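Geometric and topological summary
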Amino acid sequence: MVFGHHVTGREPMIRDGRIFGLDTGVHSVKARADHWSAMKRQWQLPVLKTRPWHDATWPELAHAVERYSSMSDPAARRWLQEVQEWAGGLRATIPTLVATARRLADELSADAMRGHPVAKVLFQARDGRLDRTGLARQCPTPGRTIELAAALGLTLEKLPD
């Protein structure tokens, strides 16, 4: 058995010719480069892309973009800018979603609206209770906004690749 990360003293520990403790705690080698920074830069963008951006609330998303925008990797910074623009574009569709819900509510019967995936929104639109502020509250995340749009027959832009 060979082990490390447990200082054994100034000399390696050897027991019964089968157990070797290699960490003497006294030897170090200067690195020729900052390998951690290089690896971090290489993995910043792939790791960022795994975050649950669709499920973040608008304030959480804005905070994350701001927080990570100081990264050293230019590709990661560009992608975060694209995410910010994507989120802004989604939020800007709220008036279109309101108008589409109103139009659809005018076209559908009450029975058809009851069976619709966004019946609540359609009934609010039919009753004149749907406005931008109210719909924005019902779309607190990019994912919810995209789902509502799809249910209304609209396709919104996907998260940048």
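All values derive from a computational prediction rather than experimental measurement.

Attention now goes to unusual backbone geometry. The phi torsion of most residues other than glycine is negative, and most of the peptide bonds are trans. One non-glycine residue with positive phi stands out, namely Asp16, at about 55°. With respect to the helices and strands, the residue Asp16 is situated in the loop between strand E2 (13–15) and strand E3 (19–21).

A complete count under the given rule lists four salt bridges for this structure. The salt bridge involving Arg126 is made with Asp127; its shortest N-O contact spans 3.1 Å. On the basis of relative accessible area, Asp127 is assigned to the partly exposed category, the value being 39%. Of the charged contacts in the structure, one is a salt bridge between Arg129 and Asp127, with a shortest N-O distance of 3.5 Å. Linked through salt bridges whose partners overlap, the residues forming this network are Arg126, Asp127 and Arg129.

Turning to a nonpolar patch on the surface, a few remarks are in order. Nonpolar side chains collect at one region of the surface, where Trp36, Met39, Trp43 and Val47 lie side by side and expose about 480 Å² of accessible area between them. Mapped onto the fold, Val47 is located in helix H1 (residues 35–49).

A few words on the sheet that holds E2. On the basis of which strands lie adjacent, the open sheet formed by three strands has the order E1-E3-E2 and mixed pairing. A strand with exactly one partner marks an edge of an open sheet, and here the two such strands are strand E1 (2–3) and E2. Bridge count between E1 and E3: two bridges; the pairing is parallel. Following the sheet pairing, Val2 is matched in E3 by Phe20.

On to the nonpolar core, then. Ranked by size, the top nonpolar core spans 38 residues in total, and within it Trp53 and Leu135 carry the most contacts. Counting only elements with at least two residues in this core, the list comes to H1, helix H2 (58–68), helix H3 (74–91), helix H4 (94–107), helix H6 (119–126) and helix H8 (142–151). The element best represented in this core is H3, accounting for seven residues. Not counting residues within four places of it along the chain, the set of residues in contact with Trp53 comprises Leu48, Leu61, Ala64, Val65, Trp79, Leu80, Val83, Pro142 and Leu159.

Counted by the stated rule, this structure contains one aromatic pair. The ring of Trp53 has Arg51 sitting right over it, with the charged end atom 5.4 Å from the ring centre.

All right, on to the side chain of Gln44 then. Tracing the backbone shows Gln44 in helix H1. Setting aside residues up to four positions removed in sequence, Gln44 forms contacts with Met71, Ser72, Asp73 and Ala76.

Tracing the backbone through its elements, the reader meets Gln138 in helix H7 (residues 132–138). Judged by its relative accessible area of 16%, Gln138 falls in the buried class. There is a polar contact of 2.8 Å between the side chain of Gln138 and the side chain of Gln124. Apart from the residues within four sequence positions on either side, Gln138 is in contact with Lys120, Val121, Gln124, Leu130 and Arg144.

Rules behind the numbers
- Residue numbers restart at each chain and count upward from 1, following the sequence in its written direction.
- Restriction of local features to residues with pLDDT of at least 70 applies here, the model being predicted, together with a cutoff of 80 or more for giving and counting side-chain atom pairs; totals for whole chains, interfaces and linings are based on all residues.
- Only hydrogens and water are set aside; all other atoms, that is, all heavy atoms of the structure, feed into the side-chain values.
- A helix here means a DSSP run of H or I that spans at least four residues, while a strand means a run of E at least two residues long, and both kinds are numbered starting from the N terminus.
- A side-chain nitrogen of Lys or Arg and a carboxyl oxygen of Asp or Glu constitute a salt bridge if their distance falls within 4 Å.
- Think of it in three bands: with a 1.4 Å probe and only protein chains considered, a residue is buried below 20% of the maximum accessible area for its type, exposed above 50%, and partly exposed in between.
- What goes into a patch is any residue over 30% in relative accessible area without a salt bridge, connected to like charges within 9 Å or, for nonpolar side chains (Val, Leu, Ile, Met, Phe, Trp, Tyr), within 5 Å.
- Shrake-Rupley sampling with a 1.4 Å probe provides the accessible areas, and residues are treated as covered by the protein chains on show and by no other component.
- Pairing between two strands is assigned when DSSP locates at least 2 bridges connecting them.
- Put simply, a nonpolar core is a bunch of buried Ala, Val, Leu, Ile, Met, Phe, Trp, Tyr and Cys residues held in one set by side-chain atoms that sit within 4.5 Å of each other.
- We call two residues in contact whenever any of their non-hydrogen atoms come within 4.5 Å of each other.
- Working definition: a ring pair exists when centres of Phe, Tyr or Trp rings (six-membered ring for Trp) sit within 6.5 Å. Plane angles under 30 degrees give stacked, over 60 give edge-to-face, the rest tilted.
- Working rule: Lys NZ or Arg CZ, within 6 Å of ring centre, within 35 degrees of ring normal, means a charge sits over the ring.
- Each polar contact in these results corresponds to two N or O atoms within 3.5 Å; when the atoms are within protein, one needs to be able to donate a hydrogen and the other to accept it, and residues that are neighboring in sequence are counted only if both atoms are side-chain atoms.

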